[in-house]
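Each chain, written out:
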Amino acid sequence: DGFAGRLKRRENGGVIAAWIGTPDPLLVNHLSQEAFDAVVLDMQHGMWDMASAANGIAQVRLTGKPAIARIPVADFASASRLLDAGASAIIAPMINSADDARALVKATKYPPLGERSWGPSLALNHFGIAADEYLQGANGLTVTIAMVETRAALDAIDEILAVDGIDGVFIGPSDLSIALSNGARLAPDSAAIDQTLAHAVARCRAHGKLICAFGTDGDRAGQFLKLGLDLVIAGAETAQLRAGARAAISTARKI
Ligand code: 3PY
Ligand code: MG
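Procedures and definitions
- Here the residue numbers are simple positions, counted from 1 along each chain's written sequence.
- Labels follow written order: the first chain is A, the first ligand is 1, and so on.
- Local features in this predicted model are restricted to residues of pLDDT 70 or higher, and side-chain atom pairs are both shown and tallied only at a pLDDT of 80 or more, whereas totals for entire chains, interfaces and linings draw on every residue.
- Secondary structure is summarised from DSSP: a helix means a run of H or I of at least four residues, a strand means a run of E of at least two, and numbering begins at the N terminus for each.
- For this measure, only C-alpha atoms enter the radius of gyration; the expected value for a globule follows 2.2 Å times N^0.38, where N is the number of residues.
- Residues with at least 20 neighbouring C-beta atoms inside 10 Å of their own are called buried, those with 12 or fewer are called exposed, and the rest are partly exposed, where every C-beta is derived from the backbone.
- Residues are classed as near a molecule or strand if the C-beta position derived from their backbone is within 6 Å of it.
- Polarity classes work like this: nonpolar for Ala, Val, Leu, Ile, Met, Phe, Trp, Tyr, Cys and Pro, charged for Asp, Glu, Lys and Arg, and polar for all others, with Gly in that last group.
- Residues enter a nonpolar core if they are buried, belong to Ala, Val, Leu, Ile, Met, Phe, Trp, Tyr or Cys, and are joined to the set through C-beta atoms within 7 Å.
- Two residues form a contact once the distance between their C-beta atoms, set from the backbone, is within 7 Å.
- A pair of strands is considered paired only if DSSP assigns at least 2 bridges between the two.
- Each axis is a line fitted through C-alpha atoms, taken for helices only over the stretch in contact, and angles between the N-to-C directions span 0 to 180 degrees.
- Here the word oblique covers every angle except those under 35 degrees (roughly parallel), over 145 (roughly antiparallel) and from 65 to 115 (roughly perpendicular).
- Put simply, a crossing is left-handed when the front helix is turned counterclockwise from the back one by less than a right angle, and right-handed when it is turned clockwise.
- Expected helix span is taken as 1.5 Å per residue step, with the number of steps being one fewer than the number of residues.

Trainee: Mind showing me how you'd approach the overall build of the protein here?
Mentor: Within the protein, the regular secondary structure consists of 13 helices and eight strands. Its C-alpha atoms give the protein a radius of gyration of 18 Å, within 12% of the compact-globule value 18 Å for 255 residues. The C-alpha extent of the protein, read off along each of the three principal axes, is 60 × 40 × 30 Å. Every one of the 255 residues in the protein was classed for burial, and the buried ones make up 45%.

This is the structure we're talking about:
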């Protein structure tokens, strides 16, 4: 049942995924060796293009782990191409209405759910299955996730979750904190975000769909897992790299 099934079973109490914006497949190779359950390539704020992302996905697949791609805003054509390249899930930012959600499903699911066009050559290689098997299984094997990170999206969360083919929601605490404060504050770890997240968890559970969120670090990711989230991020790769460098320098200066 692929990645969708693993997410639903919440093996190990939820998935921890790496989050990589630096467009280097060799960096993906290294981070994929760590105990992450999946790896996200961020094409919205990261610098991946389609060719580098396809190579990044291949590096994730060498480990047998699911590769996930976050697309740029409203770039649904790229969502189809990334699935063709072997992504197991698509995270789409700024899905603010049921119409946005339907446009996302149209690009990411084959009929009857959507209108994804045929051509998954790299996906067949990466999943190691035949074309007819992929056609029959893809809508259930791959996961379509809508980001909720605006007031409009919060207001429409039930309608978004009700769209057939939307497998779950991903909370973006940074944009949400900016939206909730009318542009006054970047506060992804604030109490307002925690309240919103608790509401989103309840709505996703009521619809039987997945709930995911971006955690700025390991502590935040741990809190999210405790809340019962299905997939969490424990910080971006640049933050992890710089924290590691800082720790090494400070240790060396202490001796
Ligand atoms: C957000 O927090 O707004 C995101 O998109 C995840 O980094
Ligand atoms: Mg965001």
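Trainee: Explain the site of ligand 1 here, please?
Mentor: In the vicinity of ligand 1, the contacting residues are Pro93, Glu149, Gly172, Pro173, Ser174, Asp175, Pro188 and Phe214. With three residues, helix α10 (residues 173-180) is the largest single contributor of residues to the shell around ligand 1. Of the residues belonging to the shell around ligand 1, the class tally is four nonpolar, two polar and two charged.

Trainee: Could you clarify how one ought to interpret unusual backbone geometry in this entry?
Mentor: For residues other than glycine, phi is negative in most cases, and the peptide bonds are mostly trans. Here the residue pair Pro111 and Pro112 is connected by a cis peptide bond, since its omega of 10 degrees sits within 30 degrees of zero. Among the structural elements, Pro112 can be located in the loop between α5 (98-108) and α6 (121-127). Positive phi, close to 55 degrees, is recorded for Asn182, a residue that is not glycine. Its place among the elements puts Asn182 in the loop between α10 and α11 (191-207).

Trainee: Where do I start with the nonpolar core in this structure?
Mentor: A general trend in soluble globular proteins is that nonpolar side chains are found buried together. Counting residues in each nonpolar core, the largest one holds 75 residues, and the members touching the most others are Ala17, Ile90, Ile145, Ala146, Ile160, Val169 and Val232. Considering every element that reaches this core, the biggest residue donor is strand β1 (residues 15-20), with six residues. Contact partners of Ile160, with chain neighbours within four places excluded, come to Ile95, Ala98, Ala101, Ala146, Ala153, Ile166 and Val169.

Trainee: Would you mind showing me how to read the sheet that holds strand β8 (residues 231-234) here?
Mentor: Sheets are built from strands paired through backbone hydrogen bonds, the pairs being either parallel or antiparallel. One closed barrel accounts for eight strands, arranged β1-β2-β3-β4-β5-β6-β7-β8; its pairing is parallel. Strand-to-strand twist across the sheet, computed as the mean angle between neighbouring axes with direction ignored, equals 25 degrees. Two elements, strand β2 (residues 38-42) and strand β3 (residues 67-70), share four bridges in a ladder whose sense is parallel. Along β3, the bridge assignment pairs Asp42 with Arg70.

Trainee: Mind showing me how you'd approach the environment of His45 here?
Mentor: Along the chain, His45 falls in the loop between β2 and α3 (50-62). Remark: the alpha-carbon pair of His45 and Gly21, spanning 24 residues in sequence, is separated by 6.9 Å.

Trainee: Hey, could you run me through the packing of α10 against α11 in this one?
Mentor: To describe two helices that pack against each other, one gives the angle between their axes and the distance between the axes. Orientation of α10 relative to α11, taken along the N-to-C sense of each, is 110 degrees, at an axis distance of 10 Å. Considered as vectors, α10 and α11 are oriented roughly perpendicular to each other. Crossing handedness for the pair α10 and α11: right-handed. On the side of α10, the interface is formed by Pro173, Leu176, Ser177 and Leu180, while α11 contributes Ala192, Ile193 and Thr196. Here the residues of the contact of α10 with α11 sort into five nonpolar, two polar and no charged.

Trainee: Would you take a moment to explain α3 for this structure?
Mentor: The α-helix advances 3.6 residues per turn, and as a result positions three or four apart in sequence lie on the same side. Over its 13 residues, α3 runs 19 Å from end to end, which matches the ideal 18 Å to within 8%, given 1.5 Å per residue. Buried residues along α3 sit in contact with α2 (25-32), β2, β3, α4 (76-84) and α6. Two residues or fewer after α3 comes Gly64, characterised by a positive phi angle close to 80 degrees.

Bear in mind that shape data such as this cannot, by itself, settle questions of function.
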